[in-house]
Amino acid sequence: MECCKLLPGPQGLAAASQTSARPRYFAPASASPTLPIMTSIDKIAWLHLHDGRLLSTRSYGKDRYYIPGGKREAGETDAQTLLREIREELSVTLDAATLRYAGTFEAQAHGHPTGLLVRMTCYYAPYRGTLQPAAEIEQLVWLTYRHRPEVSPVDQLIFDWLRAQGLLTE
């Protein structure tokens, strides 16, 4: 059984900032072979690590933690989406010039019908301001690999990759 497949790289950033050495993985959905995959959710996420822990969020009424970021609005680039979402959700500012592509990951969308995938394109960037929950975000937390069961399937792929890179502690 195939575990990973190469996905296309990021959209909306200059080609010079894209590196082919970054991962683009997906986890196969557990969809029935007779049901085609209908669509996917396009999300952009911010990977912010500190002392081997990853910043994560929990929205009001949700049972899982999610890496900060969100869905692209019509016509937005990756950078525009990420800057808007992080400002809205975490009350901090990212500088588009400092965004570094980390990877693109795809897995079954948590809480959605089987076969609906989420494709998450991830970036690193420093921030300005004070992290605090805003909009739909109820809680900010710092997670390690032991919190993997508490995050969405696509975030679990990212946790695995960060751990393999030595960036996320046990």
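Residues numbered from 1 in each chain as written. Predicted model: local features only at pLDDT ≥ 70, side-chain atom pairs only at ≥ 80, totals over all residues. Heavy atoms only, no water.

Undergrad: Would you mind going over the overall build of the protein chain with me for this structure?
TA: A tally of regular secondary structure across the protein chain gives 2 helices and 10 strands. Walking the protein chain from its N terminus toward its C terminus, one meets helices and strands in the order β-β-β-β-β-α-β-β-β-β-β-α. The 170 residues of the protein chain split such that 46% are buried. Intrachain contacts of the protein chain at a sequence separation of at least 6 include 68% that bridge at least 24 residues. (Helix = DSSP H or I, 4+ residues; strand = E, 2+ residues; numbered from the N terminus. Buried < 20%, exposed > 50% of the residue type's maximum accessible area, 1.4 Å probe, protein only. Contact = heavy atoms within 4.5 Å.)

Undergrad: Just checking my understanding: could you explain the sheet that holds strand 3 (residues 49-50) for this structure?
TA: Strand pairs in the sheet, formed through backbone hydrogen bonds, run parallel or antiparallel to each other. The sheet built from 3 strands is open, its strands ordered 3-4-10 with antiparallel pairing. On the outer flanks of this sheet lie strand 3 and strand 10 (137-143), each paired with one strand and no other. As judged from the 2 bridges shared by strand 3 and strand 4 (residues 53-59), these two strands associate in the antiparallel manner. Each bridged residue has a counterpart across the sheet, and for Leu49 the counterpart in strand 4 is Leu54. (Pairing = 2+ DSSP bridges.)

Undergrad: What exactly am I supposed to notice about the pattern of salt bridges here?
TA: Side-chain pairs of opposite charge can arise whenever the charged atoms involved come near each other. According to the stated counting rule, one finds 10 salt bridges in the structure shown. The closest approach of N and O atoms between Glu73 and Arg84, which form a salt bridge, is 3.5 Å. Pair noted here: Glu73 is in the loop between strand 5 (69-71) and helix 1 (78-90) and Arg84 is in helix 1, with a separation of 11 residues, a long-range link. Glu73 gets classed as partly exposed once you look at its relative accessible area, which sits at 45%. Between Arg84 and Glu85 there is a salt bridge, with its nearest N and O atoms 3.0 Å apart. (Salt bridge = Lys/Arg side-chain N within 4 Å of Asp/Glu carboxyl O.)

Undergrad: Sorry, what's going on with the packing of aromatic side chains here?
TA: The tally for this structure, following the rule as stated, stands at 3 aromatic pairs. Where Trp46 meets Tyr127, the ring centres are 5.7 Å apart and the plane angle is 80 degrees; that geometry is what we call edge-to-face. You can see Trp46 sitting in strand 2 (residues 40-46) and its partner Tyr127 sitting in strand 9 (residues 127-128), a full 81 residues away along the chain. Residue Trp46 is classed as buried on the basis of its relative accessible area of 0%. The class for Tyr127 is partly exposed, based on a relative accessible area of 30%. Taken together, a centroid distance of 5.8 Å and an interplanar angle of 65 degrees make the contact between Tyr101 and Tyr123 edge-to-face. In this pair, Tyr101 sits in strand 7 (residues 100-108) while Tyr123 sits in strand 8 (residues 117-124), placing the two residues 22 residues apart along the sequence. Here the basic side chain of Arg163 rests over the ring of Tyr145, its NZ or CZ set 4.3 Å away from the ring centre. (Phe/Tyr/Trp six-rings, centres within 6.5 Å; stacked < 30°, edge-to-face > 60°. Lys NZ or Arg CZ within 6 Å of the ring centre and 35° of its normal.)

Undergrad: Where do I start with the confidence of the model for the protein chain in this structure?
TA: Of the residues in the protein chain, 77% have a pLDDT of 70 or more, and the chain-wide mean is 82. This stretch, residues 27-37, has a pLDDT under 50; its non-local contacts, to residues over four places away or in other chains, come to 14 contacts. (pLDDT = per-residue confidence, 0-100.)

Undergrad: Looking at this structure, I do not really get unusual backbone geometry. What am I missing?
TA: With the exception of glycine, most residues fall at negative phi, and the peptide bonds are largely trans. Positive phi, normally seen in glycine, also occurs at Asp51, with a value near 50 degrees. Take Asp51: it is sitting in the loop between strand 3 and strand 4. In this structure, Ala135 is a non-glycine residue whose phi angle is positive, near 55 degrees. Tracing the backbone shows Ala135 in the loop between strand 9 and strand 10. Residue classification places Ala135 among the exposed residues on the basis of a relative accessible area of 55%.

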